[in-house]
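Residues per chain are reported as follows:
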Amino acid sequence: MKIQNFEFKGMRPFSMQISYHNPHNFSSDQEPPSHVHNQCEIYLNLSGDVYFIVEGSVYPIAPGSVIITKPFEYHHCVYNKTNVHEHYCLMFSANGNEDLFGIFFDRQKGENNHIALPPSAFESVKNNLNLLLQPDKSEVSKYYNFFKIMRTMEDNYAPGNSGGANNIPQNLKNAIQIVDTRFHEPLTVSMLAQETFLSVNTLERYFKKYLITSPSEYIRTKRLAAAVELINRQTPISVVAVQCGFPDTSNFCATFKRYFGTTPYKYMKNSLHKNA
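Now for a description of the structure that goes with this document. (Residues numbered from 1 in each chain as written. Predicted model: local features only at pLDDT ≥ 70, side-chain atom pairs only at ≥ 80, totals over all residues. Heavy atoms only, no water.)

1. Quick look at the overall build of the chain
Just so we agree on the cut-off: Where helices and strands are cited, they refer to DSSP runs of H or I of at least four residues and of E of at least two residues respectively, numbered from the N terminus. For every residue, the accessible area obtained with a 1.4 Å probe (protein chains only) is divided by the maximum for its type, and the residue is called buried under 20%, exposed over 50%, and partly exposed between those limits. Any pair of residues with heavy atoms lying within 4.5 Å of one another is described as a contacting pair. In short, Shrake-Rupley with a 1.4 Å probe defines the accessible areas, and a residue's cover is counted only from the protein chains shown.
Counting its regular elements, the chain contains ten helices and eight strands. Counting all 276 residues of the chain, 46% fall into the buried class. Residue pairs at least 24 apart in sequence account for 73% of intrachain contacts in the chain once pairs closer than 6 positions are excluded. Working note: accessible area of the chain is about 14500 Å², and carbon and sulfur atoms make up 52% of it.

2. Digging into the packing of aromatic side chains
Given two aromatic rings, one states the distance between the centres and the angle between the planes to describe the pair. To keep things clear, this is the line we draw: Any two rings among Phe, Tyr and Trp, with Trp reduced to its six-membered ring, count as a pair given centres within 6.5 Å; such a pair is stacked if its planes are under 30 degrees apart, edge-to-face if over 60, and tilted if neither.
On inspection of all chains with the given rule, the structure shows 21 aromatic pairs. Measuring from ring centre to ring centre gives 5.1 Å for F92 and F146, while their planes differ by 80°; the resulting arrangement is edge-to-face. One end of the pair, F92, is in strand 7 (residues 86–92); the other, F146, is in helix 3 (residues 139–155), with 54 residues separating them in the sequence. Here F252 and F256 contribute two aromatic rings whose centre-to-centre distance is 5.7 Å and whose plane-to-plane angle is 65°, an arrangement assigned as edge-to-face. Of the two residues, F252 and F256 both sit in helix 9 (residues 249–260), four residues apart, roughly one turn of that helix. The burial state of F252 is the same as that of F256; both residues are buried. Taken together, the ring pairs connect F14, F92, F101, F104, Y143, F146 and F147 into an aromatic cluster.

3. Brief notes about the nonpolar core
Generally speaking, soluble globular proteins have nonpolar side chains that are buried together. Here is the rule we go by: Working definition of a nonpolar core: buried Ala, Val, Leu, Ile, Met, Phe, Trp, Tyr and Cys residues. They are joined through side-chain atoms within 4.5 Å.
Core analysis: the largest hydrophobic core is formed by 43 residues, its most contacted members being L172, L203, F207, I231 and F252. Within the residue set of this core, elements represented by two or more residues are strand 3 (50–54), helix 4 (170–182), helix 5 (189–195), helix 6 (200–211), helix 7 (215–232), helix 8 (237–243), helix 9 and helix 10 (264–275). Top contributing element to this core by residue count: helix 7, with nine residues. Counting residues in hydrophobic clusters, the runner-up holds 26 residues, among them A94, L117, I149 and M153.

4. Things to note about unusual backbone geometry
Look at F72: it is not a glycine, yet its phi comes out positive at around 70°. For F72, the position within the fold is in the loop between strand 5 (65–69) and strand 6 (75–79). Of the residues examined, F72 reaches a relative accessible area of 7% and is grouped as buried. Phi is positive for D136, which is not a glycine, with a value near 60°. Position of D136 among the secondary structure elements: in the loop between helix 2 (119–133) and helix 3. By relative accessible area, which is 80% here, D136 ends up exposed.

5. Brief notes about the side chain of H37
Worth spelling out the cut-off: Counted as a polar contact is a pair of N or O atoms within 3.5 Å, where, for protein atoms, one must be capable of donating a hydrogen and the other of accepting one, and residues adjacent in sequence contribute only when both atoms are in side chains.
Position of H37 among the secondary structure elements: in the loop between strand 1 (16–21) and strand 2 (40–47). Since its relative accessible area comes to 12%, H37 is described here as buried. Polar side-chain contacts of H37 include one of 2.8 Å to the side chain of E41. One polar contact links H37 to H75, side chain to side chain, over a distance of 3.5 Å. Residues within four places of H37 in sequence aside, it is in contact with P71, F72, H75 and M91.

In short, shape yes, function no, at least from these values alone.
Okay, here's the thing in structure tokens:
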């Protein structure tokens, strides 16, 4: 006789949003913006010539590629060609359930974001994502499909893949690394160009060509991404401004409102309410 005892921890309710994108419902001139948010995200590529920037890592993407990001992890999908790619995107809240999602939370930002699925696993994840899109599914079915996706990704998760798209110039990789590690300093575009041995014009051109953004916008987005995470921890706004490289609290508040559409004080209040 065999006996095994289990203890299932209580699971907090969580929200989930799934979307499917294809070339017929997404125009080619709409480049997805870089972004940061307070949810976990799963991206599954079906087709398209793209790569992903996650923090300082650059990941080449092929059909069957999965990119996972955790809350407040800066990421950006970049097109190598103008044709829009076909993909699924699943976003879910994990607050209070972090222990269930080790592949998201048991790693450093920008590390091990890429999962290459073999054909059978790719079909399994794709089918379960498609089933989640169907209306009128029972709660049990939704849980089953969701955790089937998680289990399949865990089975194919291989830490150690730090990314590295070969078509990114080394000078640009160096610039990304500098911003990622020193965004809290009074870093300027001219300083970044000097430290990467590029002219300002060349640096601007590289960022526009390969990252579809400008150096100044990349620095600003990195600072805001770090700021959102600190605010979510209820860090005083004046401290957030200093630690994230803004010249003063007033400048930080104005920049934050332009980007997020609300003040950091209101964002903190809403964050406190959601985490209660």
